[in-house]
Structures are given as structure tokens and as C-alpha cells.
Amino acid sequence: MNKLPFVVLWLIIAASCSFAQQAALTPEHHFARDIFKELIEINTTDTPSGNVTTAAEAMAVRFRAAGFAAEDVQVIGPLPNKKNLVARLHGRGQGKPILFLGHLDVVEALRKDWSMDPFKLNEVDGFFYGRGTSDIKQGDTELVANFLRLKKEGWVPSRDLILALTADEEGGESNGVQWLIKNHRDLIGAEYCINTDAGNFETKNGKRLLLGMQTSEKNYVDFRLEVKSNGGHSSRPVKGENAIYHLAQGLSRLAEFDFPVSLNETTRGFFERTAALETPATAADFRAVIGNDKAKAEAAARHLSAAPYFNALLRTTCVATRLEGGHANNALPQTAAANVNCRMLPQDSLQNVQSTLTRVLADNRISVSVVGEFVPAPASAINPAIVHTLEGLSARLYGGLPVVPVMDNGASDGKYLRIAGIPAYGVPGVFSDVDDDRAHGRDERIGVKDFYDGVDFYYEFIKALAGQPATAAR
Ligand SMILES: [Zn+2]
């Protein structure tokens, strides 16, 4: 076959496909893309060139232009460059408000590390590139675009809907959620919060797998282990009197120790609902670990614990992360110390973890103290109404993918709300590939189709959560 016609044919197909994709964009998609571009191109890093307030103000301008009253669009915060946006769409007062959350700040990105300008929205080969495209300006966009669209459509929710776009989730001293809880609780008080910056709508090998709703996080706590000894000249060592040996032996005992397996509502739901997505052997372990047969559950937990991720879901973990000791090469040590980093299950207590460490170290010369201030966040009880809504949308939009409760090993701003008594649920809306997580890294990106689908998803999601009963029951 002559190659030329083939190439020409291919070009025609390619051109018409890209035309079809362009043509498929609705006015709402164009609108969302415009908001996304504006947010990506405002540098909101915690650096001298970054400014969260600029982004909050840019969104506030859009809200005011859409007809939101001035008092319903607040740009507030502790510092000139760390202001948060809080906007309110008034409802019919049937229930406490729902809070929707995203953060405006992003992790620093250096032009020299990237293959393009990180503060320009680049659309290349089906992906949007730019700092914040996946963490979490796509989430901010889903919320802003739909709050504005719903207002424009004259839709009135059953209850107030609050949008908070905040500062310093990634770092910095002015965490917006903490600041709002402390200073303007009235503005963000809600029955619960939906956080776009948690949970996972998972894609693997190009296939959408599940809708993960984050209900909880493990609690982070550091312990300082410390041993003192008398010291002295290293030419005259004293048996049994060496801080380094005491600490090292205690740490060896810790290395061999595992906290007991402890499941909760979320991890049970996770193992139950994702078993079908696993290989037969892993699926059997998922089912056994939540089953009633104790021996089988223990065996399954042992198998699963070989994988660091499953191990972390099953139990509190504590691991040595830093070590220090001694003060001179020719002196006996007077101090040896280690940092042990623990990730506690939400149902575990600080007291239990601390006393367990003390018991396992088994040496009363090793002191165990908590580093810094520790405030644990409880898990948010799974809210059946939200799960039901997500399942309905999953059936309608994604062929009925499972809705799976997830507990994260990392931390999100949902933690502060949970501590303050406002349950928080992570619902990203946008699907992303589990093997292509570039958040905080170079050439951060998100699929173009995934982005627009996320915008459409949140339109339906918000309407279903706060629609009239007849709509919600659909
Ligand atoms: Zn984030």
C-alpha cells in the first residue's frame, strides 16, 4: 500500500478526533478551564514570589460578578499574603450547611526542574500540566465553577453551601482551616465537610477502578527515646554503663515488634469492597482478614503485612527515623537518643502507644517522651447519605464502580475539622492514575478528560447532596 494516503488518512482522523474533543466541550467546560488556568497561573507557593490572597481575590471577583452578596464572599486571613476565600450559597435552611473545601497554596516548583513553565497551564497530549493541576487547583476549580454555575442557574439548595479555599495546607505558618476554625467558626460551621484534597478516584492501566472516599487518617506522632549514662574516658569502659548500647538494644527489640492488628469501620469497608479488584490470593486474604474465622484472619493479616501499604492499614506503626549519641570519639557517651515516628490508627490512643513502646523497649533507662504537641483526630463515621449519593452517581456516570471508604496514611486539612467536631470526607471528583502521582513533583499533571469529568461530577454531586428530596431520591 502506498504510504502517502495512509498518512493523509491518519492526519484526517487525528484532526477530526481532536476537533471532536474540542467540539465536545460545553460552555461550562470552557468556563471551568478558564478558572483552572487563572488559578494555575497565580503562584501560591509559600515563598516571596507566592501569594495565596491573589488567588482568593481572583475567585472573589468571580463570585461578586456572579451576584453573590458582598457579605457572602469573604477574603480573610492572618497575613496580607495568606488570606482564605469563604463564600456562601444560601439555601432553604433545611439542615445545617455543607462545607466544601480545597486549598489554594501549592508546593514550590522551580522552572529548571520542569520541562515547561510550572506556572502556566499547558495542555499537551491529553494532559493539563502545571503546579497544582493535581494538588489541588483542579479541586478548587470543580467547586468554584459549580458554585458559580448553580448560582447562575438560579438553583437554590436545600441548605446553605459553603466554599472555603484556604492557605498553607502544604506548609507555612498560616493554615487556613485552623485559622478559620479559631477565628470564624460561624462562617464555616457545617454538618460535615467535603474535601477535594483527600480520597482517591482510582485509575490503573487506563481503567477506572473505584471511588475512594476518605473518612479518616492515621495520626502522626513522634517520640524521643533517650538514655543517659555517666560518660568518662573511653580508655576505661564500664560494663553495662553505656547509653548507646542501652538504646541500641532497646531499638532492636522495637524492630522485632508489631502492634496488634486492629480494624475499624473504614478499613473493614476497604478490604470488603476492594477484594474483587485484587488477585485471587490477595482477595482471599482481604475477605479472611475481616472474616469471623480467627485463625484464618490471623494468617491473612500475616500475608498482607508483607506489603507495607496493607501493613499500615492493619495496625499502628512505629519506626526509628533518627539517631544521635555521644559527644567525642574518645569519650564514653553521656546521651544517646532516637526519634521514633508513629502513625497511629484513629482508634488508638497516645497513652496506649506510649506505654506499648515503654514495654517493648523493656529498659527503664530509656525514657519515652512525646515530641511537640499532639492532638489526635477521630475518624469520621461513614455517612450513609453521602455513600448512597456517590453510589448513585457511580452507577449513572461510571458503570457502578465500587464506592470505598479509605483511611489515609498521610494528613489533610480534614484533620482539623474532625478535631473541631465537623466530620470530613475526602471526595476528589477527578480520577487519577495510581502509578502517575506527580503531586509535589516535577511536571505535575492531570488528564484533560478526567478534569472535565470531575467538573461534571461535582455539579451532579453538589445538586444531589443538597437537592430537593425528590431530586435526591432519583
Ligand atoms: Zn493537597
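Here we summarise the structure given alongside this text. (Residues numbered from 1 in each chain as written. Predicted model: local features only at pLDDT ≥ 70, side-chain atom pairs only at ≥ 80, totals over all residues. Heavy atoms only, no water.)

Either a parallel or an antiparallel arrangement is found when strands of a sheet pair, and the pairing is made through backbone hydrogen bonds. With respect to topology, four strands assemble into an open sheet ordered β12-β14-β10-β15, the strand pairing being antiparallel. The outermost strands of the open sheet, each flanked by one partner alone, are β12 (317-325) and β15 (367-370). Averaged over all pairs of adjacent strands, the angle between strand axes in this sheet comes to 25 degrees, irrespective of strand direction. Relative to strand β14 (residues 335-344), strand β10 (residues 219-228) runs antiparallel, the two being bridged by ten bridges. Note on β14: the bridge partner recorded for Asp 222 is Asn 341. Its contacts with the sheet place helix α12 (residues 350-361) against β10, β12, β14 and β15, and it is angled at close to 160 degrees to β15. (Pairing = 2+ DSSP bridges. Helix = DSSP H or I, 4+ residues; strand = E, 2+ residues; numbered from the N terminus. Axes fitted to C-alpha atoms, helices over the stretch in contact; angles between N-to-C directions. Contact = heavy atoms within 4.5 Å.)

Okay, the coordination of the zinc ion next. Protein-derived coordination of the zinc ion comes from His 103 (NE2), Asp 135 (OD), Asp 197 (OD) and Asp 197 (OD), at a distance range of 1.9 to 2.5 Å. Of note is the zinc ion, whose four donor atoms meet at the metal with angles of 53 to 141 degrees in an arrangement that counts as irregular. Mapping the donors of the zinc ion onto the primary sequence gives the spacing H-x31-D-x61-D. Placement of the pair is His 103 in strand β3 (residues 98-103) and Asp 135 in the loop between β5 (127-129) and α4 (137-152), with a sequence separation of 32 residues. Considered together, His 103 and Asp 135 belong to a single accessibility category, that of buried residues. (Donors = N, O, S within 2.8 Å, 3.2 Å for Na, K, Ca; no water. Tetrahedral: all angles 85-135°; square planar, octahedral: opposite > 155°, others 65-115°. Buried < 20%, exposed > 50% of the residue type's maximum accessible area, 1.4 Å probe, protein only.)

As a further point, take the side chain of Thr 45. Looking at the secondary structure, you find Thr 45 in the loop between α2 (27-40) and α3 (52-65). Polar contacts involving the side chain of Thr 45 include one to the side chain of Asn 43, which spans 2.6 Å. A polar atom in the side chain of Thr 45 sits 2.8 Å from the side chain of Thr 47. Beyond its immediate sequence surroundings of up to four residues, Thr 45 is in contact with Gly 50, Asn 51, Val 106, Val 107, Glu 108, Ala 109 and Phe 119. (Polar contact = N/O pair within 3.5 Å; in protein donor to acceptor, adjacent residues only side chain to side chain.)

Over its 13 residues, helix α7 (residues 243-255) runs 18 Å from end to end, which matches the ideal 18 Å to within 8%, given 1.5 Å per residue. Buried within α7 are the following residues: Ala 243, His 246, Leu 247, Gly 250, Leu 251 and Leu 254. Buried positions in α7, seen along its axis, are confined to an arc of 125 degrees and lie on one side of it. Turned more than 90 degrees from where α7 packs its buried face, Tyr 245 and Ala 255 sit exposed. On its buried face, α7 sits against β10, β12, β14 and α12. The opening residue of α7, the one whose side-chain oxygen lies 2.8 Å from the backbone nitrogen of Ile 244, is Asn 242. (Expected span 1.5 Å × (residues − 1). Arc of directions from axis to C-beta.)

These figures capture arrangement, not role.
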